[in-house]
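Here's the letter readout for the chains.
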Amino acid sequence: GTKFVQGKRGKARLFNGSTDQISIKTTGFPTTDALKTAEAWIKTTTTPASIAQIYNDNVLELSIDNAGKFQGTARGNARCNSNTPVNDGNWHYVAITLTGTGSNGTNVYVDGTLRNTCTEVSGNALANVAYLGSGGSVNYFNGTVDELRISNVARSADDIRQVFEVGKRTHPITIDFVTKPQAAY
């Protein structure tokens, strides 16, 4: 199975690229076109692979194509390529948002920046399940995944950028509260 390793923030899951995956039943997930954002921190050097697939009325997928570039898929049939390589062994923050049907319906982000906007088309989900580390039983991910989030809100470009900026911090921020203010420091 997967291993716990140091992640971007705290612990993360390391996938071996051949058999590791986490299967999650989506019972209780929002339905009726409600899955709007999927995002995660990833670190890998290989391709192609499915980082996460979420089936539940909508389909959202985070994956890496044959050229090592991040791509998002909405509803299982509308791939949106970021044209940005993410298989360099460094941490990358990737996200897909589904904002509605039409020419600007699917947005893909890498490292807090909008990389492509694609036409979103309607399609059908296959089952109520989510996979982390594979596309079910294919395209296993070889690398580390941290902070996977699935949301029923299409996060804005500012929201995506802010999560990336917070994740870039290399030192913890601590705030010390005192019981009464000090006159001088």
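You'll find the structure just up there.
This report concerns the structure included in the present document. (Residues numbered from 1 in each chain as written. Predicted model: local features only at pLDDT ≥ 70, side-chain atom pairs only at ≥ 80, totals over all residues. Heavy atoms only, no water.)

## Let's talk about the packing of aromatic side chains
Tallied over the full model, the rule gives three aromatic pairs. Judged by centre distance (6.5 Å) and plane angle (65°), the rings of Phe15 and Phe141 are edge-to-face. Here Phe15 is found in strand 2 (residues 11-16), whereas its partner Phe141 is found in the loop between strand 12 (129-132) and strand 13 (142-151), with 126 residues between them in sequence. In this pair, the class of Phe15 matches that of Phe141, namely buried. The structure contains a cluster of three or more aromatic residues connected by ring pairs, namely Trp41, Tyr93 and Phe164. Lys8 extends its terminal NZ or CZ atom over the ring of Trp41, reaching a point 5.0 Å from the ring centre. (Phe/Tyr/Trp six-rings, centres within 6.5 Å; stacked < 30°, edge-to-face > 60°. Helix = DSSP H or I, 4+ residues; strand = E, 2+ residues; numbered from the N terminus. Buried < 20%, exposed > 50% of the residue type's maximum accessible area, 1.4 Å probe, protein only. Lys NZ or Arg CZ within 6 Å of the ring centre and 35° of its normal.)

## A closer look at the side chain of Asp20
Inspection of the secondary structure puts Asp20 in the loop between strand 2 and strand 3 (22-25). A polar side-chain atom of Asp20 sits 3.1 Å from the main-chain amide nitrogen of Asn16. Once residues lying within four places of it in the same chain are set aside, the contact partners of Asp20 are Gly1, Thr2, Leu14, Phe15, Gly133 and Tyr140. (Polar contact = N/O pair within 3.5 Å; in protein donor to acceptor, adjacent residues only side chain to side chain. Contact = heavy atoms within 4.5 Å.)

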